[in-house]
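Results of the structural survey
What follows is each chain in one-letter form.
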Amino acid sequence: MKWENNRQSDQVEDRRSSPGAGGMFGGGRRTGGRSLGLGTIVIALVAGWIFGINPMTILGVLGGAGDIAPSAQVQTVPASGEKPTDEMGQFTAAVLGGTEDVWSQLFQQGGAQYQKPRLVLFRGATPTACGTGQSAMGPFYCPGDQKVYIDLSFYDTLRRQLGAPGDFAQAYVIAHEVGHHVQNLLGITTKMEQARGRVSEREYNALSVRLELQADCFAGIWAHHNDKSKGIIEPGDVEEAMNAAAAIGDDALQRKSQGMVVPDSFTHGTSEQRQRWFNTGLRTGQVQACDTFNARTL
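Just so you know, these numbers come straight off a predicted model, no measurement behind them.

Thoughts on helix α7 (residues 201-230)
Given a rise of 1.5 Å per residue, 30 residues ought to cover 44 Å, and the 43 Å separating the end C-alpha atoms of α7 matches this to within 8%. At the C-terminal side of α7, Gly231 shows a positive phi close to 60°.

Written out as C-alpha cells, the structure is:
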C-alpha cells in the first residue's frame, strides 16, 4: 500500500507516553469479579473489532458485569499536540488523512460538512466516553466522544492470531472504524440504539449485522476514492483486505471457537457477506450502494 501518498491527519491524539500506560494484553483481566481468560479476551477482541458492538460491552457481558454506560464520566487526557514520529504512527495518521479527504468530499457533494473524528493512539489502557478502553479490546469507535481508539499492538494480533497480515488489512481496520463514525454522523447509530429494547435479541442481532456490513461497505468506499485520487492500492492489497474480512466473519469465528455455527446469534455477518459488502463499496464508490438496511440479500 502506498500510504505515503496520503497527507497525515492532524487529528491524531497520541497518548502512548501518558503516565500509567503499559501493556495490558496478557493472561486475562478482571470484569465483574470474574477472571476472563486469554481465549475469552481474544473472542471479545475479535468480536469487538469485527467491528461493532463496543468491545467493552462485550467483555462486560462475558464477565457478567453488564453494559458500560456510554455517558460514564471519564478523565480527560490532553493530546500531545505532536504528530507521531514512528512509522506505524505515521501510517495510521496517513490512513486517517485519506479517510478525511474522501468523506469530506462526499459529504460536500451531499451538501453537508464532514466532522472529522479524532484517532487516539494509546498503550495498555485509556479513558474514553464509553468506559475504560483496554488494548485487549482491539480498535473501536466511541460515539460518545466521536473518537477511534487504537493500541497499535493490535496489528501484531491481527497478523499472528487472526491470520490477516499486510498494511492494507490494517488500513481496512481504521477505515471500518471511521465508517462507524460516518454512521454516527448520519444518525444511523442513534436509530440502532433506539431499536435496542424495542425488538427481540434475534431481531437486534440482525440489525447489528446490517450495521457492520454497512461499515465494511463504507471502508470499501474509502479504498475506491482514496486510490482514485492518490493511487494507494498496490498488487495484493485488496486480497489482504478480503482475507481480513474472511478471517473475522461470524461463521468462521464460531466454527473455530465452538465447532458449530449459530446464524441467529450473528452480529457482524458471515465471511462471504463481509467480503461482498467491502467489495461493493470498493467497486462502486457510492454511498447509496451501501444501503444494507434495505437490501433484500446480504
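Let's talk about the nonpolar core
Met1, Trp103, Tyr155, Leu158, Phe168, Trp222 and Phe278 are the most contacted members of the largest nonpolar core, which totals 54 residues. Listed by contribution, the elements that provide at least two residues to this core are α3 (87-109), β4 (118-121), β8 (147-150), α4 (154-160), α5 (167-185), α7, α8 (237-247) and α10 (271-284). Membership of the second largest hydrophobic core comes to seven residues, among which are Val120, Phe122, Cys130 and Cys142.

Points about the state of the cysteines
In the structure shown here, the tally under the stated rule is two disulfides. Disulfide pairing is shown between Cys130 and Cys142; the S-S distance is 2.1 Å. Here Cys130 and Cys142 share a disulfide; its torsion about the S-S bond, 95°, makes the bridge right-handed. Residue Cys130 is located in the loop between β5 (125-128) and β6 (131-134), and its partner Cys142 is located in strand β7 (residues 140-142); the two are separated by twelve residues in the primary sequence. Since its relative accessible area comes to 5%, Cys130 is described here as buried. For Cys142, a relative accessible area of 0% gives the class buried. Disulfide pairing is shown between Cys217 and Cys290; the S-S distance is 2.0 Å. Taking the sign of the S-S torsion, -70° for the link of Cys217 and Cys290, the bridge is left-handed. Of this pair, Cys217 sits in helix α7 while Cys290 sits in the segment after α10; the two residues are 73 residues apart in sequence, bridging distant segments of the chain. Looking at the protein, its bonded cysteines, counted consecutively from the start of the sequence, adopt the pairing 1-2, 3-4.

Description of the packing of aromatic side chains
A complete count under the given rule lists eight aromatic pairs for this structure. When the centroid spacing of 6.5 Å and the interplanar angle of 80° are considered together, the rings of Phe91 and Tyr155 count as edge-to-face. With a gap of 64 residues between them, Phe91 in helix α3 and Tyr155 in helix α4 connect regions that are remote in the sequence. Per residue, the accessibility class of Phe91 equals that of Tyr155, and both read buried. Put simply, the rings of Trp103, Phe107, Tyr114 and Phe218 touch in pairs and so form one group of aromatic residues.

Brief notes about the environment of Arg15
Relative to the helices and strands, Arg15 is located in the loop between β1 (12-14) and β2 (28-31). Judged by its relative accessible area of 4%, Arg15 falls in the buried class. For the pair Arg15 and Thr126, spaced 111 residues apart in the sequence, the C-alpha separation amounts to 8.1 Å.

Section: the pattern of salt bridges
A complete count under the given rule lists eleven salt bridges for this structure. Sharing partners across several salt bridges, the network here consists of Glu13, Arg15, Arg118 and Lys147.

Digging into the pairing of β6
With four bridges connecting them, β5 and β6 associate as antiparallel partners. Bridged to Thr126 within β6 is Gly133. In this antiparallel pair of consecutive strands, β5 and β6, the connection spans two residues.

Digging into the side chain of Asn6
The residue Asn6 is located in the segment before β1 in this model. Within the structure, the side chain of Asn6 is placed 2.9 Å from the side chain of Asn226, a separation counted as a polar contact. Excluding residues within four positions of it along the chain, Asn6 makes contact with Ala94, Val95, Gly98, Asn226, Lys230 and Ile232.

Comments concerning α8
When we look at burial in α8, the residues that qualify are Asp237, Ala241, Met242, Ala244 and Ala245. Angularly, the buried residues of α8 cover 160° about the axis, an arc narrow enough to put them on a single face. Each element contacted by the buried residues of α8 is listed here: α5 and α10.

Some details on the packing of α7 against α10
When two helices pack together, their arrangement is captured by the angle between the axes and the distance separating the axes. The interhelical angle for the contact between α7 and α10, taken along N-to-C directions, is 35°, at an axis separation of 6 Å. With respect to the hand of their crossing, α7 and α10 are arranged in right-handed fashion. Along its contact with α7, which presents Val209, Glu212, Leu213, Asp216, Cys217, Ala219, Gly220, Ile221, Ala223 and His224, the element α10 presents Gln273, Arg274, Trp277, Phe278, Thr280, Gly281, Leu282, Arg283 and Thr284. Across the contact of α7 with α10, the residue classes tally to nine nonpolar, six polar and four charged.

Parameters and conventions
- Residues numbered from 1 in each chain as written.
- Predicted model: local features only at pLDDT ≥ 70, side-chain atom pairs only at ≥ 80, totals over all residues.
- Heavy atoms only, no water.
- Helix = DSSP H or I, 4+ residues; strand = E, 2+ residues; numbered from the N terminus.
- Expected span 1.5 Å × (residues − 1).
- Core = buried A, V, L, I, M, F, W, Y, C linked by side-chain atoms within 4.5 Å.
- Buried < 20%, exposed > 50% of the residue type's maximum accessible area, 1.4 Å probe, protein only.
- Disulfide = S-S within 2.5 Å.
- Phe/Tyr/Trp six-rings, centres within 6.5 Å; stacked < 30°, edge-to-face > 60°.
- Salt bridge = Lys/Arg side-chain N within 4 Å of Asp/Glu carboxyl O.
- Pairing = 2+ DSSP bridges.
- Polar contact = N/O pair within 3.5 Å; in protein donor to acceptor, adjacent residues only side chain to side chain.
- Contact = heavy atoms within 4.5 Å.
- Arc of directions from axis to C-beta.
- Axes fitted to C-alpha atoms, helices over the stretch in contact; angles between N-to-C directions.
- Left-handed = near helix turned anticlockwise from the far one by under 90°.
- Nonpolar A, V, L, I, M, F, W, Y, C, P; charged D, E, K, R; others polar.

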